[in-house]
Amino acid sequence: MTSTNPAVPAPRHAAVAATDPEIAALIGAEERLQADTLRMIASENYVSQAVLEATGTVLQNKYSEGYPGRRYYEGQQNIDPVEELARQRAKELFGVDHANVQPYSGSPANLAVYLAFLQPGDTVMGMSLPMGGHLTHGWGVSATGTWFRGVGYGVRRETGRVDLDEVRDLALRERPKLIFCGGTAVPRTIDFAGFAEIAREVGAVLVADVAHIAGLIAGGAHPSPVPHADVVSTTTHKTLRGPRGAMLMCREEHAKAIDRAVFPGLQGGPHNHTTAAIAVALKEAATEDFRAYAHQVVANARALGEQLAARGFDLVSGGTDNHLLLIDLTSKEIGGKPVAQALDRAGIVVNYNSVPFDQRKPFDPSGLRLGTPALTSRGLPAERMATVAEWIDRVVTAARTGDEDTVVKVRAEVAELMTEYPAPGLPV
Ligand SMILES: *Cc1c(COP(=O)(O)O)cnc(C)c1O
């Protein structure tokens, strides 16, 4: 019997629980996990209750192949305005001529860019995966590296930063048709204007893949790739704090090519519930609150970097300009994987990561990647980063010495602190 007393809240996910208790239990367990851990995976976040609600709506029942006003199915009275709002808000927020909000996720969005501009076998240049790039920037195991000829640039060994003179030399030698800038483990500001100059010089299309930093750009905490890049590709679920999805933005001259590549080139019906949630997230991202959030993400990352450096941790490039830190654990005499696993047991969720010029294997690399987007969404201030750094320091030592008691102690301290900072969209 469900209670009719309005003081008693309805059980969360009651219909799922009635139909499928196993899945309901797992959703509930994940809610608890996301509530009482310190989530520091740089690509993750917490969406608002509004974004969460939009994703769980009947919009998902609708087929809408095509674009607003040009659909292949009837009954688009409500869907067209949803997609129009999402497109319009993206254009205003990022200051672009055109936005396509239909890509299912970041990887298919990038594949659509290849489809729009390249023929199989053509050359694409991107930051190589072990240097901080993304699989879809032409890396070998990805379709983009098997159907196209991938050429990778890196960072300088001494600085941990991209050297545009090296990128230019490589581009002049390899003559790519497409150049990607941006990546997944890049702690420093991306020089979009510098990349654009190189792309112009070699006649390449420049794609700024800002998946990680879209929210920082929207909030004015990282320079914008507009108008330097020909195409801007982004996921919507990282710092932008929207649903899992993606957008491609470009100048008017490329609008047709991009739209055709997404549909019918690569995809069928758009995920309308996701489109609605993207629209909601973009509305949120245009607020003063979100600007403050974006700046706080960076302030927290910087504070954490300083606290870690003070405890003897080596940071790739010496620190950060954005939301993420890459720690090289070589001097701590332990690999990234055992530390990531110990941190997970301690309630601090991160990923192990290759560092530039890593001496260890990709599945057992030397680094850890840490990000502040999710913990900032919960309201942790910069002053808390000393606590976080101290936990990380204790767990790294504990992982090296096999001191599981400390791991258990930190786990309790983390859970305790997180109760002070309720997460958006989660039960308290
Ligand atoms: C996350 C990411 C992607 C891919 O996004 P998915 O939604 O996981 O497919 C692409 N490029 C960059 C730079 C990313 O960080």
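Residues numbered from 1 in each chain as written. Predicted model: local features only at pLDDT ≥ 70, side-chain atom pairs only at ≥ 80, totals over all residues. Heavy atoms only, no water.

An unreviewed UniProt entry lists the chain under the name Serine hydroxymethyltransferase, from Allostreptomyces psammosilenae. Taken from UniProt, the Catalytic activity (unreviewed entry) comment for the chain reads in full: "(6R)-5,10-methylene-5,6,7,8-tetrahydrofolate + glycine + H2O = (6S)-5,6,7,8-tetrahydrofolate + L-serine". (UniProt positions renumbered as here; feature names shortened; annotations may be inferred.)

To continue, consider the sheet that holds strand 7 (residues 178–181). Strands sit in the order 4-10-9-8-7-5-6 across an open sheet of 7 strands; the sheet is mixed. Each edge of the open sheet carries a strand with a single partner, namely strand 4 (98–100) and strand 6 (149–153). Here the average twist between neighbouring strands, direction ignored, is 20°. Where strand 5 (residues 123–127) meets strand 6, 5 bridges bridge the pair, whose relative direction is parallel. The residue bridging Thr123 from the neighbouring strand is Arg149, located in strand 6. Helix 10 (residues 252–266) contacts strand 4, strand 9 (231–235) and strand 10 (246–250) of the sheet and is inclined by roughly 150° relative to strand 10. (Pairing = 2+ DSSP bridges. Helix = DSSP H or I, 4+ residues; strand = E, 2+ residues; numbered from the N terminus. Axes fitted to C-alpha atoms, helices over the stretch in contact; angles between N-to-C directions. Contact = heavy atoms within 4.5 Å.)

The next point concerns a nonpolar patch on the surface. On the surface, Val16, Ile23, Leu26 and Ile27 cluster together into a nonpolar patch covering about 310 Å² of accessible area. With 3 residues, the single largest contributor to the nonpolar patch is helix 2 (residues 21–36). Note on placement: Leu26 falls in helix 2. (Patch = residues over 30% accessible without salt bridge, like charges linked within 9 Å, V, L, I, M, F, W, Y side chains within 5 Å. Areas by Shrake-Rupley, 256 points an atom, 1.4 Å probe, with all protein chains shown as cover. Salt bridge = Lys/Arg side-chain N within 4 Å of Asp/Glu carboxyl O.)

On to the state of the cysteines. What the rule picks out here adds up to 0 disulfides. Cys181 takes part in no disulfide bond, and the closest cysteine sulfur, belonging to Cys250, lies 15 Å away. (Disulfide = S-S within 2.5 Å.)

What follows deals with helix 8 (residues 192–202). Among all positions of helix 8, only Phe192, Gly194, Phe195, Ala196, Ile198, Ala199 and Val202 are buried. Check the buried side of helix 8 and you find it contacts strand 6, helix 7 (164–174), strand 7 and strand 8 (205–209). At the exit of helix 8 stands Gly203, carrying a positive phi of roughly 70°. (Buried < 20%, exposed > 50% of the residue type's maximum accessible area, 1.4 Å probe, protein only.)

The next subject is the layout of surface pockets. It is a probe the size of a water molecule, rolled over the atoms, that shows where empty space is left. Put simply, the largest pocket is a space of about 840 Å³. If you go around the largest pocket, you meet 27 residues; those closest to its centre are Gln34, Val47, Leu52, Thr55 and Arg244. The set of elements that each furnish at least two residues to the lining of the largest pocket consists of helix 2 and helix 3 (49–55). One number sums up the size of the second largest pocket: a volume of about 450 Å³. Residue lining of the second largest pocket: 17 residues in total, with Leu129, Gly133, Thr184, Asn353 and Ser354 positioned closest to the centre. Counting residues per element, the lining of the second largest pocket draws most heavily on strand 14 (residues 351–353), at 3 residues. Classifying every residue of the lining of the second largest pocket by side-chain character gives 7 nonpolar, 8 polar and 2 charged. Composition of the lining of the second largest pocket by domain shows at least three residues from each of domain 1 (54–285) and domain 2 (288–418). (1 Å grid on protein atoms, 1.4 Å probe; cavity = no way out; pocket = protein on both sides within 12 Å on 5 of 7 lines; lining within 4 Å. Points joined across faces, edges and corners; volume = space filled by probe spheres on them. Nonpolar A, V, L, I, M, F, W, Y, C, P; charged D, E, K, R; others polar. Domains from an automatic or database assignment.)

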